[in-house]
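Listed below are the residues making up each chain.
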Amino acid sequence: MAAPADGPRESVPTHPMISPHSERGAGKGTRPAFSAPGRSQPPPPTGPPVWDGPPPKGASPERLSILDQVRALMDRVSIRWRLTITYGVLFFVAGMLLLFVIYMMVGWAINEAWPPISLPDAPFAYQQKFQQEWTGFRHLAIDEARDALLRRSLLALAGVGILAVIIGYLVADRALKPIQQMTTTARKLSGTTLAHERIGLKGPDDELKELADTFDAMLTRLNVAFDTQRRFVANASHELRTPLTINRTVLEIALGDPEASADLKALGRTLLEVNARNEHLIEGLLLLARSERELSVRKPVDVKDVAETAVEQLTSRAEEAGVTMTAELRSAQTEGDPVLLERCVANLVENAIKHNLPESGRLWVRTGMVEGALVVQVANTGPHVPAYEVNSLFEPFRRLNADRVESARGAGLGLSIVRAVVRAHGGNVTAVPRDGGGLVVTVRLQSR
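Okay, so let's go over this structure. (Residues numbered from 1 in each chain as written. Predicted model: local features only at pLDDT ≥ 70, side-chain atom pairs only at ≥ 80, totals over all residues. Heavy atoms only, no water.)

**Topic: the packing of aromatic side chains**
Evaluation of the coordinates by the stated rule reveals four aromatic pairs. Measuring from ring centre to ring centre gives 5.1 Å for Trp114 and Trp134, while their planes differ by 45°; the resulting arrangement is tilted. Remark: Trp134 occurs in helix H3 (residues 124-188) and Trp114 occurs in the loop between helix H2 (79-113) and H3; sequence separation between them is 20 residues. For the ring pair Trp134 and Phe137, a centre distance of 6.5 Å and an interplane angle of 85° mean the geometry is edge-to-face. Within this pair, Trp134 and its partner Phe137 are both found in helix H3, separated by three residues, close to a single helical turn. (Phe/Tyr/Trp six-rings, centres within 6.5 Å; stacked < 30°, edge-to-face > 60°. Helix = DSSP H or I, 4+ residues; strand = E, 2+ residues; numbered from the N terminus.)

**Structural notes on a nonpolar patch on the surface**
A cluster of nonpolar side chains, Trp81, Ile85, Val89, Phe92, Val93, Ile162, Val165, Ile166, Tyr169 and Leu170, forms an exposed patch at the surface whose accessible area comes to about 900 Å². Counting residues per element, the ones that place at least two in the nonpolar patch are H2 and H3. Take Trp81: it is sitting in helix H2. (Patch = residues over 30% accessible without salt bridge, like charges linked within 9 Å, V, L, I, M, F, W, Y side chains within 5 Å. Areas by Shrake-Rupley, 256 points an atom, 1.4 Å probe, with all protein chains shown as cover. Salt bridge = Lys/Arg side-chain N within 4 Å of Asp/Glu carboxyl O.)

**Brief notes about the packing of helix H7 (residues 338-354) against helix H8 (residues 414-424)**
Packing of H7 against H8 brings their axes to within 9 Å, and their N-to-C directions diverge by 150°. Every pair of crossing elements has a handedness; the one defined by H7 and H8 is left-handed. Between H7, through Leu340, Leu341, Cys344, Asn347, Leu348 and Asn351, and H8, the contact on the second element is made entirely by Gly414, Leu415, Ile417, Val418, Val421 and Val422. When the residues that make up the contact of H7 with H8 are grouped by side-chain class, the tally is nine nonpolar, three polar and no charged. (Axes fitted to C-alpha atoms, helices over the stretch in contact; angles between N-to-C directions. Left-handed = near helix turned anticlockwise from the far one by under 90°. Contact = heavy atoms within 4.5 Å. Nonpolar A, V, L, I, M, F, W, Y, C, P; charged D, E, K, R; others polar.)

**Things to note about the nonpolar core**
Counting 44 residues, the largest nonpolar core has Val349, Leu363, Val365 and Val443 as the members making the most contacts within it. Looking at which element gives the most residues to this core, the answer is H7, with nine residues. Residues within four places of Val443 in sequence aside, it is in contact with Leu348, Leu374, Val375, Val376, Val418, Val422, Asn428 and Val429. (Core = buried A, V, L, I, M, F, W, Y, C linked by side-chain atoms within 4.5 Å. Buried < 20%, exposed > 50% of the residue type's maximum accessible area, 1.4 Å probe, protein only.)

**Thoughts on the side chain of Thr185**
Following the sequence through the fold, Thr185 ends up in helix H3. Overall, the relative accessible area of 7% leaves Thr185 in the buried class. Reaching out from Thr185, the side chain makes a polar contact with the backbone oxygen of Gln181 at a distance of 2.9 Å. The contacts of Thr185, once residues within four sequence positions are left out, are Glu197, Arg198 and Ile199. (Polar contact = N/O pair within 3.5 Å; in protein donor to acceptor, adjacent residues only side chain to side chain.)

**Brief notes about H2**
Under the 1.5 Å per step criterion, the end-to-end length of H2 is 50 Å for 35 residues, consistent within 8% with the ideal 51 Å. All of the buried residues in H2 are Arg80, Thr84, Gly88, Gly95, Leu99 and Gly107. Check the buried side of H2 and you find it contacts H3. (Expected span 1.5 Å × (residues − 1).)

**Considering the pattern of salt bridges**
Within this structure, the stated rule accounts for five salt bridges. With its nearest N and O atoms 3.0 Å apart, the salt bridge here joins Asp213 to Lys209. Note that Asp213 and Lys209 are positioned in helix H4 (residues 207-255) at a spacing of four residues, about one turn of the helix. For Asp213, a relative accessible area of 36% puts it in the partly exposed group. Glu328 serves as the salt-bridge partner of Arg330, at 3.0 Å between the closest nitrogen and oxygen. Comparing Arg330 with Glu328, the two get one shared label, buried.

**Comments concerning a negative patch on the surface**
Residues Asp205, Asp206, Glu207 and Glu210 make up a contiguous surface patch of negative charge. Assignment of secondary structure puts Glu207 in helix H4. (Lys, Arg positive; Asp, Glu negative; His and termini not counted. Charge placed at Lys NZ, Arg CZ, Asp CG, Glu CD.)

**Topic: the sheet that holds strand S4 (residues 361-370)**
With mixed pairing, five strands are arranged side by side in an open sheet as S2-S4-S5-S7-S6. Both outer strands of the open sheet, strand S2 (323-329) and strand S6 (428-433), are each paired with one neighbouring strand and no more. Within the sheet, the average angular offset between the axes of one strand and its neighbour, ignoring direction, is 10°. Pairing analysis gives seven bridges linking S2 to S4, with the strands arranged parallel. From the neighbouring strand, Thr326 faces S4, where its bridge partner is Trp364. Strands S2, S4 and strand S5 (373-380) of the sheet are contacted by helix H6 (residues 303-321), whose axis makes an angle of about 170° with S2. (Pairing = 2+ DSSP bridges.)

**Examining the packing of H2 against H3**
For the pair H2 and H3, interaxial distance at closest approach is 7 Å and the crossing angle is 155°. Relative to H3, the element H2 is oriented roughly antiparallel. With respect to the hand of their crossing, H2 and H3 are arranged in right-handed fashion. When grouped by side-chain class, the residues that make up the contact of H2 with H3 number 28 nonpolar, nine polar and four charged. (Parallel < 35°, antiparallel > 145°, perpendicular 65-115°, else oblique.)

The quantities given are spatial measurements derived from coordinates; they are silent on function.
Structure (structure tokens):
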């Protein structure tokens, strides 16, 4: 029942996917986003659009105070420029303080060095007038000297201030070099290089050296933890799978015995189902542990091919469950682990099949490029999903309206594995309830 969209593979322009919640295009003569050639299909499910982007255009921003605006501006300035500005401001403050002191000292120096003059033979009135004029000359000299000093000092302070900003930037860059070294080392770290990649900062035993040594010690502890986890996953894969495989073989041999009673065969079939359930649970736990680690494989992947493989594998299961599966798959290139991405899409489709209507269920699968991002979207009919329950469905062992004892439909790891795989590839996954019942899950990944 899977119907991949037929048509030109390369000439079809990428366009924003019609959301499973949207009715745009319906009634306007446009083709629905989900369609199968040769037969008419009802329109896609409706409901509110998925929203996980920036605020809509035209939204009135909240008015901030001047202090909040200054803080927001400073938050966007890098630490290097903040240090440079701090050095520059401190220099200007120190320069203005020094200029003020020199300004005052020039007046005091001229006042102390001004020579006294007396005219003993002149009349008293003439002496008094002359002393007043001589004092006026002294004040005029002080003012002229201070004005000339202030003009020239301000020009010199401006020139030296520009030089101080440049030197401050270089000093800040020099002071941040150890931090740049730590950042470069942290970016190069991965699960394979963690064993031997260290900062190894050389220099005096200051705060930066202590920080680098602490970071190196943390990397050593992380390497031990990762190595322990890898050994645990490998041992668990062997130790848990082997007895279950033996149990399955013994039960199949017992069920093949023609002399076995009907009750024994019924018990054997029940035990086989329990054994298969445990095998799926262990596979899911191991895959979840693998998905939450650093990707060890990165190669070009076309998500269309991945989705086609997952749809083909689950077509028979959808037919058994009475679910009509429709696919519109467009090419979209990314880089990552093809096995994990295929498991991610398969889990979404499998989850949509299991949690669908018992009869006449519908399921839609779409891939393509939307606004420069790779998108995989799976929508299905089914029971109503409360909006407040959606986020919890991505937690391990969480099921809708069921506790951990209720496990007939799965272990509750499907969406948890999807989220782990998407995060490992640097993407995000969102889910919203579908209008009329069911769920719409949208995965966004970085394009190649």
